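# Fold and geometry: a report
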Amino acid sequence: MLPKRDLAGPVDRYLQASGVFDIDGAVCNVTFDAEQGVSAFLDFYLARGNSDVIARLYLTPQGEKFPSANLRFQFNRDHQVAAAVLIAADRDGHQHSWLTRGDAGRDDVVLVHDTGNPVDTQMPPDAFITVSELRDLVTQWVLAMSFPLRPCAGQKCRTCGGSD
């Protein structure tokens, strides 16, 4: 488990959680500050958001241009399943990746983490979780002191390109 305090970037900076979401054809940039805001936004996004477009969340040290961590997810509203991948850089310059693990996989649903490259970024069925579990995951990712996902298996994660 990688604690957020070990992410790349200045040690003394606040990590700002933000995201980019597609809602009814509008690209929305959101900044999260509290659990209530995360919950209210997820209520809205999961009801109205475009499930064909990948949601992207970032943890960026205050005052920095580039994020230290990126969480991408896709969900299927009709079947109430989702999958997510997280890529983070630590202070030593190592890249870490995590992938959701669950038992909500379906043969009739395809979820990816990059709509520009869906063939190479398709998430395996054992990465599928319920939309309810996704809500918990996103809330923990924004607010917790360490990441709530388990590392990808193997030296190189084929799904997200990172290493464990």
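Residues numbered from 1 in each chain as written. Predicted model: local features only at pLDDT ≥ 70, side-chain atom pairs only at ≥ 80, totals over all residues. Heavy atoms only, no water.

Below, the discussion takes up the overall build of the chain. When helices and strands are tallied, the chain shows two helices and seven strands. Seen in sequence order, the chain has helices and strands lined up from the N terminus as β-β-α-β-β-β-β-β-α. Per-residue burial over the chain gives 45% buried out of 164 residues. Long-range contacts, defined here as pairs at least 24 residues apart, represent 63% of the contacts in the chain between residues at least 6 apart. As displayed, the chain has an accessible area near 8600 Å², and 48% of this comes from carbon and sulfur atoms. (Helix = DSSP H or I, 4+ residues; strand = E, 2+ residues; numbered from the N terminus. Buried < 20%, exposed > 50% of the residue type's maximum accessible area, 1.4 Å probe, protein only. Contact = heavy atoms within 4.5 Å. Areas by Shrake-Rupley, 256 points an atom, 1.4 Å probe, with all protein chains shown as cover.)

Attention now moves to helix α2 (residues 131-143). In an α-helix, one turn spans 3.6 residues; hence positions three or four apart end up facing the same way. Across its 13 residues, α2 extends 18 Å between first and last C-alpha, which sits within 8% of the 18 Å expected from 1.5 Å per residue. Within α2 the residues assigned to the buried category are Val131, Leu134, Leu137, Val138, Thr139, Trp141 and Val142. (Expected span 1.5 Å × (residues − 1).)

Moving on to the side chain of Asn76. For Asn76, the location among the structural elements is in strand β4 (residues 69-76). Taking relative accessible area as the criterion, Asn76 reaches 19% and is therefore assigned buried. In terms of polar contacts, Asn76 uses its side chain to reach the backbone amide nitrogen of Asp78, at 3.2 Å. Apart from the residues lying within four places of it in its own chain, the contact partners of Asn76 are Val81, Val109, Leu111 and Val131. (Polar contact = N/O pair within 3.5 Å; in protein donor to acceptor, adjacent residues only side chain to side chain.)

Within the chain, Asp24 stands out as a residue other than glycine whose phi angle is a positive 50 degrees. Here Asp24 lies in the loop between β1 (15-23) and β2 (26-32). Residue class for Asp24 comes out exposed when judged on its relative accessible area of 52%. Despite not being glycine, Gln80 shows a phi value in the positive range, around 55 degrees. For Gln80, the location among the structural elements is in the loop between β4 and β5 (81-89). Judged by relative accessible area, Gln80 falls into the partly exposed class, the value being 41%.

Attention shifts here to the nonpolar core. Residues Phe73 and Phe147 are the most contacted members of the largest nonpolar core, which totals 32 residues. Sorting elements by how many residues they give to this core places α2 first, with six residues. With residues near it in sequence (within four places) discarded, Phe147 still touches Met1, Leu2, Lys4, Leu7, Leu59, Ala69, Leu86, Ala88, Trp98 and Trp141. Counting 10 residues, the second largest nonpolar core, distinct from the first, contains Ala83, Leu99, Ala127 and Phe128. (Core = buried A, V, L, I, M, F, W, Y, C linked by side-chain atoms within 4.5 Å.)

With that settled, the discussion passes to the confidence of the model for the chain. Fine structural detail should not be taken from predicted coordinates in areas where pLDDT scores are low. When pLDDT is averaged across the chain, the result is 86; 90% of the residues are at 70 or more. Ranking the elements of the chain by mean pLDDT puts strand β6 (residues 95-99) last with 88 and strand β7 (residues 129-130) first with 95. Under a pLDDT of 50 for its full length, residues 153-159 has, in the predicted model, 18 contacts with residues more than four places off or in other chains. (pLDDT = per-residue confidence, 0-100.)

Put simply, helix α1 (residues 35-48) and α2 touch, their axes get as near as 10 Å, and they point 145 degrees apart. Remark: the crossing between α1 and α2 carries right-handed chirality. Contacts between α1 and α2 involve Glu35, Val38, Ser39, Leu42, Asp43 and Leu46 from the former and Val131, Leu134, Arg135, Val138, Thr139, Val142 and Leu143 from the latter. (Axes fitted to C-alpha atoms, helices over the stretch in contact; angles between N-to-C directions. Left-handed = near helix turned anticlockwise from the far one by under 90°.)

To continue, consider the pattern of salt bridges. In total, this model carries five salt bridges according to the counting rule given. Residue Asp12 pairs with Arg13 through a salt bridge whose shortest N-O separation is 4.0 Å. With a relative accessible area of 68%, Asp12 lands in the exposed category. Taking relative accessible area as the criterion, Arg13 reaches 35% and is therefore assigned partly exposed. One continuous salt-bridge network, built from bridges that share partners, spans Asp12, Arg13 and Glu64. (Salt bridge = Lys/Arg side-chain N within 4 Å of Asp/Glu carboxyl O.)

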